[in-house]
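Residue-level listing of the chains:
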Amino acid sequence: MTDSRGLTSRTPRTVLGCYHRAMLDKSADDLADLYAVDALHEFPFSAPGFPARFTGREEVRAGYRAAWIASPLQVVEIADVAVRPAADPGTVVAEHVVVVRSAEGDRFAVPGLLIIEVRDGLITRVRDYMDALAVARAGASVAAGSGA
C-alpha cells in the first residue's frame, strides 16, 4: 500500500525484518532510512561510552555508522526471533539473539529485546534492550586475541 506521499506503508513486522537486514549488512544508511525524521532510539541498558539514546534519523545514522565502523565484530545471524503481540497494532515486540563473529572467526551470542513503534511505515521510537555485558565480553575477547 502507498500513502499520499508515495512512501510504502510497512507493517511493524516488515520494518523489523528490514531492521534485522540492515544489522546483517552493517548498513547505517539502510537502518536510518527506516526511521521518521524525529524518531527516538533508546538504549535503557546502555554500556559505558555508549549513548543512552539517539534522537532523530540522522543521529541514528551517524551513531550506528560510527559504532559499526569502530567494531571488529560482524553480525552473521539473527536467531531465535520471537515476535510478541502488543496492544498497539503499530508496535512490535521482538526477542532475538544477535550472533556476531570476530575477525578471528570466534562467535558470540548477544541476546536482546526490541520494542519498535511504527507510524506511516516509519519507526518513531525504539527501545533497544541489548545485552551490553555480552557485547562488552565479545569486544574484550577480540581485544585480548589481538594483543591489544
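To be clear, the structure that these remarks concern was listed above.
Conventions we followed
Residues numbered from 1 in each chain as written. Predicted model: local features only at pLDDT ≥ 70, side-chain atom pairs only at ≥ 80, totals over all residues. Heavy atoms only, no water. Pairing = 2+ DSSP bridges. Helix = DSSP H or I, 4+ residues; strand = E, 2+ residues; numbered from the N terminus. Axes fitted to C-alpha atoms, helices over the stretch in contact; angles between N-to-C directions. Contact = heavy atoms within 4.5 Å. Polar contact = N/O pair within 3.5 Å; in protein donor to acceptor, adjacent residues only side chain to side chain. Buried < 20%, exposed > 50% of the residue type's maximum accessible area, 1.4 Å probe, protein only.

**Q** Which parts of the structure should I look at to understand the sheet that holds strand E2 (residues 53-55)?
**A** In sheet architecture, strand pairing relies on hydrogen bonds along the backbone and comes in two forms, parallel and antiparallel. Judged by pairing direction, the sheet is mixed, and its 6 strands sit side by side in the order E2-E1-E6-E5-E4-E3 without closing on themselves. Every interior strand has two partners, whereas the edge strands, E2 and strand E3 (74-84), have only one. The mean angle between the axes of side-by-side strands here comes to 25°, regardless of whether they run parallel or antiparallel. Relative to strand E6 (residues 122-130), strand E1 (residues 35-42) runs parallel, the two being bridged by 4 bridges. Residue pairing in the sheet places His41 in a bridge with Val126 of E6. The sheet contacts of helix H1 (residues 12-25) involve E1, E3, strand E4 (91-101), strand E5 (107-119) and E6, and relative to E3 the element is tilted by about 160°.

**Q** Looking at this structure, I do not really get the side chain of Arg127. What am I missing?
**A** With respect to the helices and strands, the residue Arg127 is situated in strand E6. A distance of 3.3 Å separates polar atoms of two side chains, one belonging to Arg127 and the other to Glu117. Non-local contacts of Arg127, meaning those with residues more than four positions away in its chain, are made with Glu42, Leu113, Leu114, Ile115 and Glu117.

**Q** What is the right way to read the environment of Pro51 from this model?
**A** With respect to the secondary-structure elements, Pro51 resides in the loop between E1 and E2. Residue classification places Pro51 among the partly exposed positions, given a relative accessible area of 32%. For the pair Pro51 and Gly63, spaced 12 residues apart in the sequence, the C-alpha separation amounts to 8.7 Å. Excluding residues that lie within four positions of it along the chain, Pro51 makes contacts with Phe43 and Ser46.

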